[in-house]
Amino acid sequence: FNDIGDEGCTNLSLHMVAGNHTLRNLYLSGNHIKKKGAMALAGAILHGCSLAKLHLSANDLGPSGLKVLSGAVAEMDARRQHILQRQGGIIIAAVKP
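Model, not experiment: these values are computed from the prediction.

Quick look at the overall build of the chain
Part 1 of the reasoning: Across its full length, the chain holds three helices and two strands.
Part 2 of the reasoning: Ordered by position from the N terminus, the helices and strands of the chain form the series α-β-α-β-α.
Part 3 of the reasoning: Each principal axis of the C-alpha distribution contributes one length, and for the chain these read about 45 × 25 × 20 Å.
Part 4 of the reasoning: Of all 97 residues assigned to the chain, the portion counted as buried reaches 30%.

Laid out in structure tokens, this is it:
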């Protein structure tokens, strides 16, 4: 509830989420984030990050924003599953929540 909007969400995505393998939880509820911000977050997720929880309630992502964001999460999950299968199901490094 800090009114960061799409511009702030885009900046966070580029500079704090993408490639960050430490950040586990991100609370962006009530920040007037719309499709453009959702697309930036989706790009950051596809770039690689360690987010386990992403809170976006009370924003106006719209159906297309939700679709692109959920698609990015599904794609990253598929990539992780593929890597695990190639490793024979062995997890090399576990990250505690």
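Right, picking up where we left off after that structure.
Description of helix 3 (residues 62–86)
The α-helix winds at 3.6 residues per turn, so residues separated by three or four positions along the chain end up facing the same way.
Part 1 of the reasoning: An ideal rise of 1.5 Å per residue puts 36 Å on 25 residues; helix 3 measures up with 36 Å between its terminal C-alpha atoms.
Part 2 of the reasoning: For helix 3, the full list of buried residues reads Gly65, Leu69, Ala72 and Met76.
Part 3 of the reasoning: On its buried face, helix 3 is in contact with helix 2 (35–47) and strand 2 (53–55).
Part 4 of the reasoning: Downstream of helix 3 by a residue or two, Gly88 has a phi angle that is positive, lying close to 75 degrees.

Concerning the pattern of salt bridges
Should their charged atoms come close, side chains of opposite charge can pair.
Part 1 of the reasoning: Under the defined criterion, the tally for this structure stands at one salt bridge.
Part 2 of the reasoning: Of the charged contacts in the structure, one is a salt bridge between Arg79 and Glu75, with a shortest N-O distance of 3.1 Å. Of the two residues, Arg79 and Glu75 both sit in helix 3, four residues apart, roughly one turn of that helix.
Part 3 of the reasoning: For Glu75, a relative accessible area of 38% gives the class partly exposed.

Observations concerning the environment of Leu69
Part 1 of the reasoning: With respect to the helices, strands and loops of the structure, Leu69 is situated in helix 3.
Part 2 of the reasoning: Between the C-alpha atom of Leu69 and that of Ala40, which follows or precedes it by 29 residues, the distance is 8.9 Å.
Part 3 of the reasoning: Dropping the residues within four chain positions of it, Leu69 is found in contact with Ala38, Leu41, Ala42, Ile45, Leu54, Leu56 and Leu61.

Observations concerning the side chain of Asn59
Part 1 of the reasoning: For Asn59, the location among the structural elements is in the loop between strand 2 and helix 3.
Part 2 of the reasoning: The buried category is assigned to Asn59, whose relative accessible area is 18%.
Part 3 of the reasoning: Polar side-chain contacts of Asn59 include one of 3.0 Å to the backbone nitrogen of His32.
Part 4 of the reasoning: When near neighbours in sequence (up to four residues on either side) are disregarded, Asn59 contacts Leu28, Ser29, Gly30, Asn31, His32 and Ile33.

A short note on the nonpolar core
Part 1 of the reasoning: If you look at the biggest cluster of nonpolar residues, it comprises 17 residues, and the most contacted ones within it are Leu28, Leu41, Leu56 and Leu69.
Part 2 of the reasoning: Sorting the residues of this core by element identifies helix 1 (5–17), helix 2 and helix 3 as the ones contributing at least two each.
Part 3 of the reasoning: Broken down by element, the residue count for this core peaks at five residues, all from helix 2.
Part 4 of the reasoning: Beyond its immediate sequence surroundings of up to four residues, Leu28 is in contact with Ile4, Cys9, Leu12, Ile33, Leu41, Leu54, His55, Leu56 and Asn59.

What counts and how
- Residues numbered from 1 in each chain as written.
- Predicted model: local features only at pLDDT ≥ 70, side-chain atom pairs only at ≥ 80, totals over all residues.
- Heavy atoms only, no water.
- Helix = DSSP H or I, 4+ residues; strand = E, 2+ residues; numbered from the N terminus.
- Buried < 20%, exposed > 50% of the residue type's maximum accessible area, 1.4 Å probe, protein only.
- Expected span 1.5 Å × (residues − 1).
- Contact = heavy atoms within 4.5 Å.
- Salt bridge = Lys/Arg side-chain N within 4 Å of Asp/Glu carboxyl O.
- Polar contact = N/O pair within 3.5 Å; in protein donor to acceptor, adjacent residues only side chain to side chain.
- Core = buried A, V, L, I, M, F, W, Y, C linked by side-chain atoms within 4.5 Å.

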